Amino acid sequence: MIGTFVWDIIHGRDVASAPVEEWGGITYALGGLDAALDDDWEIVPLVKVGDDLIVEARRFLGSLRRLAPDASPIAVPYPNNRVELRYFSDERRSEVLTGGIPGWSWSGLQPLLRDIDALYVNLISGFELDLETAQLLRQHFTGPIYCDLHSLLLAVQQDGLRTPRQLPDVSAWCSCFDLLQVNEDEMRLMAPDPMALAATALGAGVECLTVTLGARGAVYFAAPGFDVLDLERRRGGASAGPARPASSSLATGPVRTALVPAELARVGEGGDPTGCGDVWGATYYSRLLAGDNLAVAMQAAHRAAARNVEHRGATGLATHLRGGLSSP
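As a starting point, this report considers the structure included with it.

What counts and what doesn't
- Residues numbered from 1 in each chain as written.
- Predicted model: local features only at pLDDT ≥ 70, side-chain atom pairs only at ≥ 80, totals over all residues.
- Heavy atoms only, no water.
- Helix = DSSP H or I, 4+ residues; strand = E, 2+ residues; numbered from the N terminus.
- Buried < 20%, exposed > 50% of the residue type's maximum accessible area, 1.4 Å probe, protein only.
- Contact = heavy atoms within 4.5 Å.
- Core = buried A, V, L, I, M, F, W, Y, C linked by side-chain atoms within 4.5 Å.
- 1 Å grid on protein atoms, 1.4 Å probe; cavity = no way out; pocket = protein on both sides within 12 Å on 5 of 7 lines; lining within 4 Å.
- Points joined across faces, edges and corners; volume = space filled by probe spheres on them.
- Nonpolar A, V, L, I, M, F, W, Y, C, P; charged D, E, K, R; others polar.
- Axes fitted to C-alpha atoms, helices over the stretch in contact; angles between N-to-C directions.
- Parallel < 35°, antiparallel > 145°, perpendicular 65-115°, else oblique.
- Left-handed = near helix turned anticlockwise from the far one by under 90°.
- Pairing = 2+ DSSP bridges.
- Phe/Tyr/Trp six-rings, centres within 6.5 Å; stacked < 30°, edge-to-face > 60°.
- Lys NZ or Arg CZ within 6 Å of the ring centre and 35° of its normal.

Okay, the environment of Thr163 next. Assignment of secondary structure puts Thr163 in strand E10 (residues 162-164). With a relative accessible area of 19%, Thr163 lands in the buried category. As for Thr163 and Ser151, which are separated by twelve residues in sequence, their C-alpha atoms are 9.5 Å apart. Excluding its chain neighbours within four sequence positions, the residues that come into contact with Thr163 are Leu153, Leu154, Ala155 and Gln157.

Structure, rendered in structure tokens:
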């Protein structure tokens, strides 16, 4: 897993309450992975954490069941990323970023990929990977790569405010990943409509593009012949061999697309929408790795995202997603 730990300060989630401070960023996806992965998978977080929050980050990771025994965040001498969130509606908010965790270089990332079978990438800050590093990752890593583009579609203003930005080199970015997740707003910054983005993404080697639609569910666009992940074809993890192109289905035929409706969630009755997209993607990918087909994996992701709405914050989230009792 590649992503960024973020300390959130949340305003407006409950108008009657003071601002809430808690873990955010990749911690929601970690909760989703921990709850949804099969027993034969372990989570290896490839994350850098500022030395001001490294102790707390290690404590959070220690609460996960699926964490690899030798996994540990890397402490760096920078202030950790912090985001001030102000909610205006269940699905609209502003973000102000402070801190500055540096992204990965290929020379720093490559040695960590040994023995890794699959990658879940969530560009929480948008700076975890630049295009060159993502391309090298694609060329040298033979396992499946899932990516939630997330904040790659957000610029940072001088005061830290995150604002939407169009993504240059859309096709080049798409070519770095097998499975791609964007939400509706992000899709509009990349192409005029979902079909146009699907044409670009699948033409670049993406096997399945998913556009999440909030309460309406999600739409997928699958390459011809793609319905499940063929892990045996991809085994081998990081390779020191020559570059290879992004994988794509060898089958020919029409692109398959469908809307999978969401589970109903009572967001307006005191629920918390923070992290729903991260839980959704982590659960979806986990179930694909377990052998589920697209529709079944997406239904599991919908259920997890709906359950996430009922829980405040990422601490204890994995327990809650598994159906246990946790302190929100």
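Let us keep going from here.
Secondary-structure assignment places Leu64 in the loop between helix H2 (54-62) and strand E4 (74-76). Setting aside anything within four residues of it in sequence, one finds Leu64 in contact with Leu30 and Asp34.

By size, the foremost hydrophobic cluster in this structure holds 58 residues, and its most contacted members are Phe5, Leu30, Tyr120 and Tyr284. Secondary structure elements with two or more residues in this core: strand E1 (5-11), helix H1 (26-36), H2, strand E5 (82-87), strand E13 (218-222), helix H9 (276-289), helix H10 (294-309) and helix H11 (317-321). No other element matches H9, which puts seven residues into this core. Beyond its immediate chain neighbours, meaning those up to four positions away, Phe5 contacts Trp23, Ile26, Thr27, Leu30, Val47, Val49, Ala57, Phe60, Leu61, Asn80 and Asn81. Counting 43 residues, the second-largest nonpolar core is a separate cluster that includes Leu119, Val170, Ala198 and Ala201.

Okay, the layout of surface pockets next. Of the pockets and cavities examined, the second largest pocket occupies roughly 660 Å³. Around the second largest pocket, the lining comprises 31 residues; the ones closest to its centre are Glu42, Ile43, Val44, Asp115 and Ile116. Contributions of two or more residues to the lining of the second largest pocket are made by strand E7 (119-122) and H9. Here the lining of the second largest pocket is composed, by residue class, of 22 nonpolar, one polar and eight charged.

For the structure on display, the rule yields one cavity of 30 Å³ or more. Approximately 70 Å³ is the volume found for the largest cavity. Around the largest cavity, the lining residues are Gly3, Thr4, Lys48, Asn81, Ile101, Pro102, Gly103, Trp104, Ser125, Phe127 and Glu128. Its residues placed into classes, the lining of the largest cavity shows four nonpolar, five polar and two charged.

Our focus in this paragraph is the packing of H1 against H9. The contact between H1 and H9 brings their axes to 7 Å, and the two run at 30°. When the axes of H1 and H9 are compared, the pair comes out roughly parallel. Seen from above, H1 lies across H9 with right-handed handedness. Note on element contacts: H9 touches H1 through Asp278, Val279, Ala282, Thr283, Ser286 and Arg287, opposite Tyr28, Ala29, Gly32, Leu33 and Ala36. Each residue belonging to the contact of H1 with H9 can be placed in one class, and the counts come to six nonpolar, three polar and two charged.

Here we come to the sheet that holds strand E11 (residues 179-183). Strand order in the open sheet formed by six strands is E7-E8-E11-E12-E13-E14, with mixed pairing between adjacent strands. Looking at strand neighbours, the two that pair on one side only are E7 and strand E14 (256-260), the edges of this open sheet. Across this sheet, the average inter-strand angle for adjacent strands is 15°, counted without regard to direction. Pairing analysis gives five bridges linking E13 to E14, with the strands arranged antiparallel. Its bridge partner being in E14, Val219 is matched across the sheet by Leu259. Contacts between H9 and the sheet are confined to E7, strand E8 (145-148), E11, strand E12 (208-212) and E13, with E8 contributing the most and set at about 165° to the helix. Each of E12, E13 and E14 is contacted by H10, which is oriented at about 155° to E13, the strand it contacts most.

Take the packing of aromatic side chains next. Pairs of aromatic rings are described using the distance from one ring centre to the other and the angle between the two planes. For the structure on display, the rule yields seven aromatic pairs. Ring plane angle 80° and centroid distance 5.2 Å describe the contact between Trp7 and Trp23, whose orientation is recorded as edge-to-face. On the criterion of sequence distance, the pair formed by Trp7 in strand E1 and Trp23 in strand E2 (residues 20-25) is long-range, its members being 16 residues apart. Ring geometry for Trp280 versus Tyr284: centroids 4.9 Å apart, planes at 35°, classification tilted. Taken together, the residues Trp280 and Tyr284, both in helix H9 and four residues apart, mark about one turn of the helix. Of the two residues, Trp280 and Tyr284, both sit in the buried class. Through a chain of ring-to-ring contacts, three or more aromatic side chains come together here, namely Tyr120, Tyr146, Trp280, Tyr284 and Tyr285. Taking NZ or CZ as reference, Lys48 lies 4.4 Å from the ring centre of Trp104, over its face.

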